[in-house]
Amino acid sequence: MAIIEDVPGISFSIQVAGRDAVEYDDPNATDQESAGTANCPTSTRYIECIDGAEFGIKGQVTGDYDWGYRNHCLNSRVRVDGEQLIGWVLKEEDLVRGLGRKTLEGRKAFCPRTNRWVLQRCQFSAISTVDDSKKDRVERDTKVAKDLGLIEIQVFRCIHLGNTPIRHRPSLRGTRELELAEKSLKGRAMSHGTSFSRTEHIRTPVHCSTRDLDEDHGPIAVFRFYYRSRDALKREMVIPRTPSLSPGPKQEIANMSRAELERLAQERLNQLRGVGNVKQERKPVVKRERNEIIVLDDGNARPAKVSRRSLKQEEGVIDLTDD
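Fair warning: this is a prediction, and the values are worked out from it, not measured in the lab.

## Some remarks on the overall build of the protein
Looking only at helices and strands, the protein has six helices and 19 strands in total. Burial status across the protein gives 37% buried among its 323 residues. Contacts in the protein between residues far apart in sequence, at least 24 positions, make up 78% of those at least 6 positions apart. If you sum the accessible surface of the protein, you get close to 22300 Å²; carbon and sulfur atoms cover 47% of it.

Here you go:
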């Protein structure tokens, strides 16, 4: 659950299949926050998304939050992939035993065919890329990809003016095509966007009329969640890469490109040609005469050769009898 120390008591999390998603620190938190437009305390987190899984956005306010100023309420405005969804307003009297919770499950829209309001739940959808370099296609897809993979919640302090009928009725949204030109991603590890799943009939939403506090000059807190596949999180160095076992020689060769294979073949050919041009150095054969004896203890660096015939001539007789 993401929290901001400068604004205690307010937290948000993304729920996938009814559970809070595991959150990861942003390795480039300073760059991400400076790239945004919020001039207020900001939390930036990453989560892992699963293709086709539905998700919701849960907000929580505890008694640690300071409600004392001008009897205000909190207005959470939610954007998913740059599209604004109907958020929620929370007042101090909405808290039960010091805790208030709200969950945004999807996009509320009006169905003219049934003349009823419906809920379209949010779900993660994989992005596919095409090799299309046409200028107009790349420019259009670049605008789409700008906020893709981002859930942003801005929290405002405001004055509650009362409930009013909904004037704007968002229309139903069909299945979203997440096919983008590869150049529009600009090398970013984008993996998923948000589409909207099946529709469910709901009661007519209640619209709250509010007025932001002028002295705040904008939101008091911003929570950002970037969602990516596990592989994309590894490529962005958000989570460490899993060390892989070294493949066998055949697998390594199969994974090589043609240029790498040609380079290795040329290196091996050069090695073979080099071996043929180098003559092996033969050690000299020292011939010894038949009656030669090598003397090893004469102090010379090299053993001296002495003829057996000369040794016989120097042989003498030692008298062992006592005079």
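Now that the structure has been shown, the text picks up again.
## Observations regarding the nonpolar core
Ile10, Phe12, Ile57, Ile151, Ile153, Phe223 and Phe225 are the most contacted members of the largest nonpolar core, which totals 35 residues. At the level of elements, strand E2 (10-16), strand E6 (54-62), strand E7 (73-80), strand E8 (83-90), strand E11 (116-126), strand E13 (150-164) and strand E17 (221-228) are the ones that each hand at least two residues to this core. Setting aside residues up to four positions removed in sequence, Phe225 forms contacts with Ala2, Phe12, Ser13, Ile14, Glu23, Arg45, Ile47, Gly149, Leu150, Ile151 and Ile153.

## Here we look at the packing of aromatic side chains
Per the counting criterion, the structure on display carries eight aromatic pairs. Centre to centre, the rings of Phe12 and Trp88 are 6.0 Å apart; their planes meet at 25 degrees, and the pair counts as stacked. Pair noted here: Phe12 is in strand E2 and Trp88 is in strand E8, with a separation of 76 residues, a long-range link. Relative accessible area serves as the criterion here: at 2%, Phe12 is assigned to the buried category. On the numbers, 5.3 Å between centres and 25 degrees between planes, the contact of Tyr46 with Tyr226 is stacked. Of this pair, Tyr46 sits in strand E5 (residues 42-48) while Tyr226 is found in strand E17, placing the two residues 180 residues apart along the sequence. A relative accessible area of 3% places Tyr46 in the buried class. Among the residues examined, Tyr226 registers a relative accessible area of 11% and is labelled buried.

## Looking at helix H2 (residues 135-146)
For H2, spanning 12 residues, the distance from its first C-alpha to its last is 16 Å, which sits close to the expected 16 Å at 1.5 Å a residue. Turning to H2, its buried residues number three or more, namely Arg137, Val138, Asp141 and Ala145. Projected down its long axis, H2 carries its buried residues within an arc of 90 degrees, all on one side. Every exposed residue of H2 that faces more than 90 degrees away from the buried side is listed here: Lys135, Asp136, Lys143 and Lys146. Packed against the buried residues of H2 are strand E12 (128-130) and strand E14 (179-181).

## Here's the deal with the confidence of the model for the protein
Reading predicted coordinates in detail is not appropriate for stretches of low pLDDT. Here the protein averages 81 in pLDDT, and 78% of its residues register 70 or above. For the stretch residues 311-321, pLDDT sits under 50, and the model shows two contacts to residues farther than four places along the chain or on other chains.

## Some words on unusual backbone geometry
The phi dihedral of Asn115 falls on the positive side, at around 60 degrees, and the residue is not glycine. Following the sequence through the fold, Asn115 ends up in the loop between strand E10 (106-111) and E11. Under the relative-accessibility criterion, Asn115 is labelled exposed at 57%.

## Looking at the state of the cysteines
In this structure the tally under the stated criterion is zero disulfides. Summary of cysteine pairing: Cys208 is not part of a disulfide, and the nearest cysteine sulfur, belonging to Cys73, is at 7.7 Å. The exposure class assigned to Cys208 is partly exposed, which follows from its relative accessible area of 23%.

## Brief notes about the pattern of salt bridges
The tally for this structure, following the rule as stated, stands at 18 salt bridges. Taking the shortest distance from any N to any O, the salt bridge between Arg107 and Glu83 comes out at 3.0 Å. Placement of the pair is Arg107 in strand E10 and Glu83 in strand E8, with a sequence separation of 24 residues. Residue class for Arg107 comes out buried when judged on its relative accessible area of 8%. Note on Glu83: relative accessible area 19%, which makes it buried.

Reading the values: the criteria
Once a new chain begins, its residue numbering starts again from 1 and follows that chain's sequence as written. Where local features are concerned, this predicted model is filtered to residues with pLDDT of at least 70; where side-chain atom pairs are given and counted, the filter is 80 or more; whole-chain, interface and lining totals use all residues. With hydrogens and water set aside, each side-chain value is computed from the structure's full complement of heavy atoms. Helix and strand labels come from DSSP, where a helix needs a run of H or I of at least four residues and a strand needs a run of E of at least two; each type is numbered from the N terminus. Each residue's exposure class comes from its accessible area (1.4 Å probe, protein chains only) as a fraction of the maximum for that residue type: buried when under 20%, exposed when over 50%, partly exposed otherwise. Note on definitions: a residue-residue contact is assigned when non-hydrogen atoms from the two residues lie within 4.5 Å. Here the open area of atoms and residues is found with the Shrake-Rupley method and a 1.4 Å probe, where only the protein chains shown may cover a residue. Remark: nonpolar core denotes a set of buried residues (Ala, Val, Leu, Ile, Met, Phe, Trp, Tyr, Cys) joined through side-chain atoms within 4.5 Å. Here is the rule: rings of Phe, Tyr and Trp (six-membered ring for Trp) pair when centre to centre is within 6.5 Å. Planes less than 30 degrees apart are stacked, more than 60 are edge-to-face, and the remainder are tilted. Given the number of residues in a helix, its expected span is that number minus one, multiplied by 1.5 Å. Think of it as the arc spanned by the lines of direction from the helix axis to the C-beta atoms. A residue's pLDDT is the confidence the predictor assigns to it, expressed on a 0 to 100 scale. Note on terminology: disulfide denotes any pair of cysteine sulfur atoms within 2.5 Å. Whenever Lys or Arg places a side-chain nitrogen within 4 Å of a carboxyl oxygen from Asp or Glu, that contact is recorded as a salt bridge.

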